[in-house]
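Analysis of the macromolecular model
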Amino acid sequence: MSLTTAHSVVAPSANSKRIAGAIIIAYALISIVPLLWIFATSFKTPPDSIAYPPKLLFQPSLEGYCNLFTTRTRQTPEYINSLGPATGFCDETTRKRNMVIAGPSNFLPRFVNSLIIAFGSTFCAVFLGTLSAYGFSRFKVPLADDLLFFILSTRFMPPIAVAIPIYLMYRELGLSDTALGMILLYTAVNVSLAVWLLKGFIDEIPREYEEAAMIDGYTRLQAFWRTVLPQATTGIAATAIFCLIFAWNEYAFAALLTSGTAQTAPPFIPTIIGEGGQDWPAVAAGTTIFLVPILVFTILLRKQLLRGITFGAVRK
Amino acid sequence: MLNRTAENVARATPEPLARKVRGISDKGLAWLFISPTILLLLAINIFPLFWAIYLSFTNYRANRPNEVVKNLGFANYQRILGDQDIWIAMQTTAHFVFWTILLQTLIGFTLAWLIDRKFRGHAFWTTLILVPMMLSPAVVGNFWRFLYEPQIGLFSYVISFVSGIPPTSIQMLSNVSLAPWSIIIVDTWMWTPYVMLICLAGLRSIPEYIYEAAEVDRASNWRQFWSITLPMALPFIMLAVLFRGIENFKMFDMVNLLTGGGPGSTTEVASITLKRQAFESWRTGYSSAFAIILFVAVFGLANIYVKALNKVKQR
């Protein structure tokens, strides 16, 4: 190592950097292949999607997206000819395969359910979490450590284990297969993460701010509202996105506790069936649409990621 | 982690000034702020848990709500501990947890160690590597099923292209000896970035001056790795193993979507057995007892592990 180029005696050599870079880039590219493949499949026609050898080059088509949002029935060519002219791209593509659109598919309502349940539970979890985190951070709460550990430990339970009694409880209360029931459940699951994360963020805000505000004549509540909340905005936003990602991706509870009206997208996407098996382009289209928000959030969250996935136990 | 909490609480002792605020007292406010969360958790987590404990002593079946519920005492627990299938499921789970953690830790740590060299563009590639872990395990499981399809899937094609084995004989999901590995591969693909990220934080936390000192002492790179890098990153690696261990012990989504526990029961992990008993056979009492045993096992193992982790941290 020459003394002129190295800032520190232990900086890795240029060569070792290059090798490390090459390995990491190779890993990243290989690990992203399944995702690119699903993205590509969403633009294939059903025959192209099951061609062997797998088709790398193909004529892009929106058939998968069209099939995702509609249900279709097979008809005789005579019947199809007796219909009026096809209205729009989707109708035309469907008729090419001797099918007519029978109506909208269930994907859109499931997607909307996902939105409602994910955003609803995130709002509740962050709201309750902020209050509790402030409580734990600023007040002398008896048995604070035990309570915090209790809150964390609710995450140890396998979802299936609590699903049985929750199923029974929801059946009694009329909450089974309702968005409200799922929002309550996901709020309870997420609130543990929200409290732990937000407590870390609020601990970092100097308490002098509130003290100064209170000397100015604000009550504790006003001081919280005017000084702590604005300071904690970044932390609250990061926490919200982590809760959102969890609720968005959750499968076990959704699969066991919802069957129809309140079903979310994760248990629904695998059930998209075409003629003679899974309609892979439609499944891929649903998956792609479902993944886009998460990818955006991942990029936004880069800096907070570590905190979020470890309950704030590790900071970067 | 908890020590820091205690410090903060101690520092939070209200100032005399704060005690005299108008309206609600600080103590009242603290409870007002904390109680909704605690009440929600009591209602949605603790109450169901106690209900499950109660059910575990009965022969209740959720699909026959009108039947008379009989108290069985510890009979359910006895049957579970004597049930061969349950033990096989536990073994399968242990097998998955072992292999996924081993692979994820090895690959994840290596990747972190390489990224720590801060080559040009490392931030971008790191973010790209992190993408799989942000996805829904269910959706991931479903589209890997497509990749694994023997005739049409990309995975079988690539393997057969490289190895020359005809793709029809690469039955990842229906071959008894390959099916467990098909799940281990997907889990490793998805969660290695998670371990990598935590290891990376560990490596970045090692102060530079230690290496400088080692360099002055002319310690070899190998020696530096074993005496500095690894021990100082160890608490972080152990934390990653803890989180992955708890998660993989509960593993359900991916297995359910990829193999559903099959072929036969070769990939039937504890959660799948639990689902079959509870929601297919409707043996609610019996499955509740199994759920309690699982919960106690996770809780117990996690506690023992955290004690070990704290010892490593204090070194």
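Treat the numbers as computed from the prediction; the structure is a model and nothing was measured.

Thresholds applied
- Residues numbered from 1 in each chain as written.
- Chains lettered and ligands numbered in written order.
- Predicted model: local features only at pLDDT ≥ 70, side-chain atom pairs only at ≥ 80, totals over all residues.
- Heavy atoms only, no water.
- Helix = DSSP H or I, 4+ residues; strand = E, 2+ residues; numbered from the N terminus.
- Rg over C-alpha atoms; globule rule 2.2 N^0.38 Å.
- Buried < 20%, exposed > 50% of the residue type's maximum accessible area, 1.4 Å probe, protein only.
- Contact = heavy atoms within 4.5 Å.
- Areas by Shrake-Rupley, 256 points an atom, 1.4 Å probe, with all protein chains shown as cover.
- Lys, Arg positive; Asp, Glu negative; His and termini not counted.
- Charge placed at Lys NZ, Arg CZ, Asp CG, Glu CD.
- UniProt positions renumbered as here; feature names shortened; annotations may be inferred.
- Axes fitted to C-alpha atoms, helices over the stretch in contact; angles between N-to-C directions.
- Parallel < 35°, antiparallel > 145°, perpendicular 65-115°, else oblique.
- Left-handed = near helix turned anticlockwise from the far one by under 90°.
- Nonpolar A, V, L, I, M, F, W, Y, C, P; charged D, E, K, R; others polar.
- Salt bridge = Lys/Arg side-chain N within 4 Å of Asp/Glu carboxyl O.
- Disulfide = S-S within 2.5 Å.
- Core = buried A, V, L, I, M, F, W, Y, C linked by side-chain atoms within 4.5 Å.
- Domains from an automatic or database assignment.

1. Topic: the overall build of chain B
A tally of helices and strands in chain B yields 14 helices and 0 strands. Walking chain B from its N terminus toward its C terminus, one meets helices and strands in the order α-α-α-α-α-α-α-α-α-α-α-α-α-α. A globule of 315 residues ought to have a C-alpha radius of gyration of about 20 Å, yet chain B, at 25 Å, is considerably larger. Expressed along its principal axes, the backbone C-alpha trace of chain B runs to roughly 80 × 75 × 35 Å. Going through the 315 residues of chain B one by one, you find that 52% of them count as buried. Look at the contacts in chain B between residues 6 or more apart in sequence, and 68% of them connect residues 24 or more apart. Counting only carbon and sulfur atoms, one obtains 64% of the accessible surface of chain B, whose full area is about 14700 Å². Taken as two groups, the 26 positive and 17 negative side-chain charges of chain B have centres that lie 6 Å from each other.

2. Describing the UniProt feature "transmembrane region" (unreviewed entry) in chain B
Residue and element names in this part refer to chain B. The UniProt entry lists residues 29-54, 96-115, 122-144, 181-203, 224-246 and 286-306 under the feature "transmembrane region" (unreviewed entry), expressed in the numbering used here. The straight-line gap between the two end C-alpha atoms of residues 29-54 is 35 Å; of that span, 100% is helix and 0% is strand. Between the end C-alpha atoms of residues 224-246 there is a gap of 32 Å, over a span that is 100% helix and 0% strand.

3. A short note on the packing of helix 7 (residues 144-153) of chain A against helix 3 (residues 26-55) of chain B
Contact geometry of helix 7 of chain A with helix 3 of chain B gives a least axis separation of 11 Å together with a crossing angle of 40°. With respect to helix 3 of chain B, the axis of helix 7 of chain A lies oblique. Helix 7 of chain A and helix 3 of chain B meet at a crossing whose hand is left-handed. Judged by residue contacts, Leu147, Phe150 and Ile151 of chain A of helix 7 of chain A engage Thr37, Ile38, Leu41, Leu42 and Ile46 of chain B from helix 3 of chain B. Of the residues in the contact of helix 7 of chain A with helix 3 of chain B, the class split is 7 nonpolar, 1 polar and no charged.

4. Examining the pattern of salt bridges
All names here are of chain A. As enumerated under the stated definition, the model contains 13 salt bridges over all chains in all. Here Glu63 ties to Arg97 by a salt bridge, and the two come within 2.4 Å at their closest N and O atoms. Placement of Glu63 in helix 3 (residues 63-69) and of Arg97 in the loop between helix 5 (88-96) and strand 2 (99-104) is noted, with a sequence separation of 34 residues between them. Note on Glu63: relative accessible area 4%, which makes it buried. Taking the relative accessible area as the measure of exposure, Arg97 reaches 30% and is therefore partly exposed.

5. Description of the state of the cysteines
Residues and elements named next belong to chain A. In this structure the tally under the stated criterion is 1 disulfide over all chains. In this model, Cys66 is linked to Cys90 through a disulfide, with the two sulfur atoms separated by 2.2 Å. Looking down the S-S bond of the Cys66 and Cys90 bridge, the torsion is 100°, so its handedness is right-handed. Remark: Cys90 occurs in helix 5 and Cys66 occurs in helix 3; sequence separation between them is 24 residues. Residue class for Cys66 comes out buried when judged on its relative accessible area of 6%. Cysteine Cys124 is unpaired, with the sulfur of Cys243 as its nearest cysteine sulfur at 11 Å. Taking relative accessible area as the criterion, Cys124 reaches 29% and is therefore assigned partly exposed.

6. What about the nonpolar core?
Phe136 and Phe253 of chain A together with Met133 and Trp144 of chain B are the most contacted members of the largest nonpolar core, which has 193 residues in total. Both domains that furnish three or more residues to this core are identified here as domain 1 (16-55) and domain 2 (77-313) of chain B. Those residues in contact with Met133 of chain B that lie beyond four places of it in its chain are Leu305 and Ile309 of chain A together with Met190, Trp191, Pro193, Tyr194 and Leu197 of chain B.

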